[in-house]
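A closer look at the structure
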Amino acid sequence: MDAKKKVLVVEDDDSIRRIIEFCLSKRNFDVVTAADGLDGLSKARSINPDIIILDLMLPKMPGEEVCKQIRKDKQLGRVPVIMVTAKGSDADKVIGKVIGANHYIVKPFRVEELLENINRLVPADGASKRERS
Amino acid sequence: MNNNRQVYDYTGLVAKEKLRGFGRRMASRYILATLILLVVLSLDYAVVRRSIRYRELDAAAIDITGRQRMLSQRIALFSLRLAVTAQADERARMRRELSGIVKLMEGTHNQVFHTSELATKPQFKISVALKAIYYSAPAYLDKKLHGYFDNVRALLDEPDSGLNPDNPVLRNILSAAPDLLDGLDAAVKQFVSESEQDIQKIKNTQLGLMIINILTLLSIAAFILRPAMKRIQRDIEILHQANEFNEVLLKAIPFVMDIVDEQGNIIYVNEKFKQVLGSDLVGGKCHELYKDDRKPCGNCPLVKGIELGKVDTLEVEGVLGGRTFRISHVGLVYQGSKALLEIFEDITEKARAEKQLREAISIKSNFISMVSHELRTPLTAIKEGIAIVLDGAAGCTSPEQKEFLDIAKKNVERLSRLINDVLDYQKLDAGKMDFEMSEGDINEVVKDVEKAMATLARNKGLDFTVELGHGLPRPRFDSDKITQVLMNLVNNAIKFTETGFVKVMTFKNEAKDAVAVCVEDTGIGIREEEAGKLFQSFGQLAKGGDRKSGSTGLGLVISERIIHHHGGRIWFESEFGKGSTFCFSLPLKTPKA
């Protein structure tokens, strides 16, 4: 049987964090949360998630910096990142080489939309990288 | 020469000071030259006078000596006649003649050499050569003359009986006569020669003086006339260039410009003016032209009187057929009297754009206000809907359902706070906020806030204390608004403090003209680079660091505006990592009270 896919949710707003956590748990994901950028980065390194949901505006370390660090990381370099932004105009700079997110969604968003993108970026047969863990 | 300056700066090249200096220099040279001419002419005059005098004296001397020469021979002749005549009356006549001639000759001799007029004239000097003729060997003319006169007198003393051609005295006279002739002749020649030498000297002197005169005149030409001409030519050239420059400049200036006198008559217009308005307007009244109006414009600087060098700038609508102009007025002196330079800048388009912008801002402001108000209705429905389900009025809810309903409720409240902040900000921004001012006790406000916030602080494990000042004066303030400000400051303090305390203090300021309230915390503090942004609209929101607390970042901006409306001050001190103290003061005399 397949192990649960690990999702790291880095989001400073309690309500949003809790809702994402709840919805993904219901869909059989293993959800780990962090409330600021620094915590998010250290948890990413310690749990080696299958995908990271990252808010752009975060205390302690901004989301784009977290994303850059993840992309530089040997172990995490290829983990898909979905960036959550409040402004549609931020989205363009998030995708691409400098920041390196795989996808972005703009608030307000529906959890269904988030799920579709998670399933697209992390297929059911699992990422090769996960087998190492 | 200073060519660069000539190119760029025409002012000062023919400056009055420089011209004055040049004028002074030329004047002193001219005075010097005139003095030299005066001296030379005076000398010339003196020389001529002197030469005339010399010539007179010389002529007199030559005349006298010449006459003596003649008289000496006449004496010899008459002496002989006296001796040889037989007629008594002829003898008597000869005696008379001889006596007269001797007197005359002796008299003139003495006139030249001894006593009388000529000899005492300072200009008349007997030369060494003449003295030699008269007083020295071999001539001894003076001695011989006196001897001659003595002989004649001796002859005249002789009685008629003694008179004969062999008379020894007569013999002496006749033998001395040729010698005397030679001596006197030599004297005449000497006088004539000396006179000629004098004339030559005078000629030389006059030649010298003439040369000096010519040189002086040449110097005047070289040192006064030439530099003056050069200077005048240069200045004319500069003035010409400056004039050309001014003309080019005046033609190029893309603004309508005119000069009006103190009565408002247009006395000068520039090229642009002529292009825009035609050239037949000089002499008209300015207000008739600009506004087609019989009366001067109300805010015209002419009404107050012209102040030299003062610049007034007015924006006038409806000028020159409905356009908007920025008119800059400068007081100056034109053609000797006070006048006003007016520069017209057509800002019609800019004014229109600004008006449109103001309208747009107003529309936007009204729109935000309207939308925010409209948002409140659905928000109320959501809030109440959630409340009904949470209260169980619509059936039981599971703990999970309750959790998410709570989240929903919390966020709806947050949303309504945001809307309220936006509305407050909007009202303050548009100046539409109503303030109900009354005298009150600031400590009461602090107590109210304490009641509302103390629990929040203590739940977070913070020490919440209040230190109220005693006997504080009672400023005038809007109690609700000041409560809102203090709530905001205390809320921020709690929000940004994890451990330690939050303390609210009230006191009189040092000048005793205001009461102040401070909120001190031991929170994260404020970085120096962020301090400046604190009171800027949406400062916190732009930073995006604080959504946890549900703040818009408008709190401090709103607080600042409320305090300013009271005539007070809001400020803070902070050390990053150690804490912050936010204070505001309310003056006892409010400006708008």
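Here we take up the confidence of the model for chain A. Across chain A, pLDDT averages 83, with 83% of residues at or above 70. Mean pLDDT in chain A bottoms out at helix H4 (residues 91–94) of chain A, which sits at 66, and peaks at strand E2 (residues 29–34) of chain A, which reaches 94.

A separate point is helix H12 (residues 399–430) of chain B. The end-to-end C-alpha distance of H12(B) is 46 Å, a good match for the 46 Å that 32 residues give at a rise of 1.5 Å each. Turning to H12(B), its buried residues are B:Phe404, B:Leu405, B:Ile407, B:Val412, B:Arg414, B:Ser416, B:Ile419, B:Leu423, B:Asp424, B:Tyr425, B:Gln426 and B:Leu428. Buried positions along H12(B) lie against helix H1 (14–26) of chain A together with helix H11 (348–390), helix H14 (479–495) and helix H17 (555–565) of chain B. B:Gly431 sits one or two residues past H12(B) and shows a positive phi near 70 degrees.

Across the boundary between the two partners, chain B contributes 12 residues, which contact 13 residues of chain A. In this structure, the connection of chain B to chain A is made through three salt bridges. Here B:Glu403 makes a salt bridge to A:Arg18, at a shortest N to O gap of 2.0 Å. Our count for the chain B to chain A interface comes out at three residue pairs in polar contact (both at pLDDT 80 or more). Ranked by the residues each element gives to the side of chain B that touches chain A, the list is headed by H12(B), at seven residues. Of the residues assigned to the side of chain B that touches chain A, the class counts are three nonpolar, three polar and six charged.

All names here are of chain B. The final tally for this structure, using the stated rule, is four aromatic pairs over all chains. Measuring from ring centre to ring centre gives 5.1 Å for phenylalanine 572 and phenylalanine 582, while their planes differ by 25 degrees; the resulting arrangement is stacked. Taken together, the residues phenylalanine 572 in strand E11 (residues 569–575) and phenylalanine 582 in strand E12 (residues 579–587) connect sequence positions 10 residues apart. Seen from the ring of tyrosine 140, lysine 143 lies directly overhead, with NZ or CZ sitting 5.1 Å from the centre. If you follow arginine 569 out to its NZ or CZ, it ends over the ring of tryptophan 571, 4.2 Å from the centre.

On to helix H6 (residues 141–157) of chain B, then. Residue and element names in this part refer to chain B. For H6, with 17 residues, the first-to-last C-alpha span of 24 Å sits near the 24 Å given by 1.5 Å per residue. If you check which residues of H6 are buried, you get Leu141, Asp142, Leu145, Tyr148, Phe149, Val152, Leu155 and Leu156. Angularly, the buried residues of H6 cover 150 degrees about the axis, an arc narrow enough to put them on a single face. Summarising the geometry of H6, the exposed residues directed more than 90 degrees from the buried face are Lys143 and Asp157.

It is worth spelling out the pattern of salt bridges at this point. The tally for this structure, following the rule as stated, stands at 39 salt bridges over all chains. Across the pair B:Arg153 and B:Glu106 runs a salt bridge whose closest N-O atoms are separated by 2.9 Å. Here B:Arg153 is found in helix H6, whereas its partner B:Glu106 is found in helix H3 (residues 88–113), with 47 residues between them in sequence. Close ionic contact of B:Asp478 with B:Lys481 constitutes a salt bridge, the shortest N to O distance being 3.6 Å. You'll find B:Asp478 and B:Lys481 in the same group, each marked buried. Each member of the salt-bridge network shares a partner with another, and the members are A:Glu11, A:Asp55 and A:Lys107.

Parameters at a glance
- Residues numbered from 1 in each chain as written.
- Chains lettered and ligands numbered in written order.
- Predicted model: local features only at pLDDT ≥ 70, side-chain atom pairs only at ≥ 80, totals over all residues.
- Heavy atoms only, no water.
- pLDDT = per-residue confidence, 0-100.
- Helix = DSSP H or I, 4+ residues; strand = E, 2+ residues; numbered from the N terminus.
- Expected span 1.5 Å × (residues − 1).
- Buried < 20%, exposed > 50% of the residue type's maximum accessible area, 1.4 Å probe, protein only.
- Contact = heavy atoms within 4.5 Å.
- Salt bridge = Lys/Arg side-chain N within 4 Å of Asp/Glu carboxyl O.
- Polar contact = N/O pair within 3.5 Å; in protein donor to acceptor, adjacent residues only side chain to side chain.
- Nonpolar A, V, L, I, M, F, W, Y, C, P; charged D, E, K, R; others polar.
- Phe/Tyr/Trp six-rings, centres within 6.5 Å; stacked < 30°, edge-to-face > 60°.
- Lys NZ or Arg CZ within 6 Å of the ring centre and 35° of its normal.
- Arc of directions from axis to C-beta.

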